[in-house]
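Residue-level listing of the chains:
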Amino acid sequence: MTASSSGTSVPGEGALPHPDATASTTATASGQALAELLRRCARGDEAAFAELYDATSRRLFGLVLRIVRDHAMSEEVTQEVYLDIWRTSARFDPSRGSALSWMMTIAHRTAVDRVRSSEAARRRDDTHAATNQDIDFDATAEAAQASLEAQRVRRALATLTDAQRSAVELAYLGGYTHTEVATLLDLPLGTAKTRIRDGLIRLRDTMGVPA
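From a predicted model like this one, the values you see are computed outputs, not experimental measurements.

What counts, and at which threshold
Position labels on residues start from 1 in each chain and follow its written sequence. Owing to the predicted nature of the model, reporting of local features is limited to residues with pLDDT of at least 70; listing and counting of side-chain atom pairs is limited to 80 or more, with chain, interface and lining totals taken over all residues. Values reported for side chains reflect all heavy atoms of the structure, with hydrogen atoms and water molecules removed beforehand. Any Lys or Arg side-chain nitrogen found within 4 Å of a carboxyl oxygen on Asp or Glu counts as a salt bridge. Helical segments are the DSSP runs of H or I of at least four residues, strand segments are the runs of E of at least two, and each set is numbered from the N terminus. The buried label goes to any residue with under 20% of its type's maximum accessible area, the exposed label to any with over 50%, and the partly exposed label to all in between, with areas taken from a 1.4 Å probe on protein chains only. Pairing of aromatic side chains requires ring centres within 6.5 Å, counting the rings of Phe and Tyr and the six-membered ring of Trp. Pairs whose planes differ by under 30 degrees are stacked, by over 60 edge-to-face, and all others tilted.

Novice: Where do I start with the pattern of salt bridges in this structure?
Specialist: Proximity of charged atoms lets side chains of opposite charge pair with each other. Under the definition given, this model contains 10 salt bridges. Notably, a salt bridge pairs Glu36 with Arg39, separated by 3.0 Å at the nearest N-O pair. Note that Glu36 and Arg39 are positioned in helix α1 (residues 31-42) at a spacing of 3 residues, about one turn of the helix. Given a relative accessible area of 32%, Glu36 falls into the partly exposed group. Note on Arg39: relative accessible area 38%, which makes it partly exposed. A salt bridge links Asp198 to Arg197; its shortest N-O distance comes to 3.2 Å.

Novice: Which parts of the structure should I look at to understand the packing of aromatic side chains?
Specialist: The geometry of an aromatic ring pair is captured by two quantities: the separation of the ring centres and the angle between the planes. Applying the stated criterion to the full structure yields 4 aromatic pairs. Ring geometry for Phe49 and Trp86: centres 5.1 Å apart, planes at 80°, overall edge-to-face. Of the two residues, Phe49 is situated in helix α2 (residues 46-68) and Trp86 in helix α3 (residues 71-88); the sequence distance between them amounts to 37 residues. For the pair shown, Phe49 and Trp86 are each scored as buried. Note on Tyr53 and Tyr82: the rings are 4.7 Å apart at their centroids and 55° apart in plane angle, and the pair reads as tilted.

Set out below in structure tokens:
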């Protein structure tokens, strides 16, 4: 990774595990242990950051890969995630959720942002190419409608709470099952199901979709 804002080098650069690498050094630590490591990271403790990376990198990389679906890009995104974790570790509040859930939320947000950025770049390229050729009216109308629908969904997602949005995006953008969402967010299964259900109800009401 790159240097932190304080000038301290961030350990772990280039150390992302391959998905089929052994997991002996990446076993997930307890929630309390991860929280303590984050507190030490907030004080600039590089050794704590290295421990945190070893304990969670496989989990976070797996989440990013599931969303980005490109190994090389997923490695880049995961490096960005850990840099963000290092820089913002002081913001972690254990009263608002577990350390792993906080880190997974950062990873999910960063991965989704990268996918959206890539899609936006691809749309710009497509638009540029389209200016040099005749475009069928029906195809143009269909693309415009799809763009409007995507905007409606993004606006509706913005009305959800952070907890609801994370659960809904994992389930319906990341393709995870309710059980997997509960595991990724370090939640009881019932809580994960409730967040997904409440989030979908709120999306439905916001978008005016009949029940």
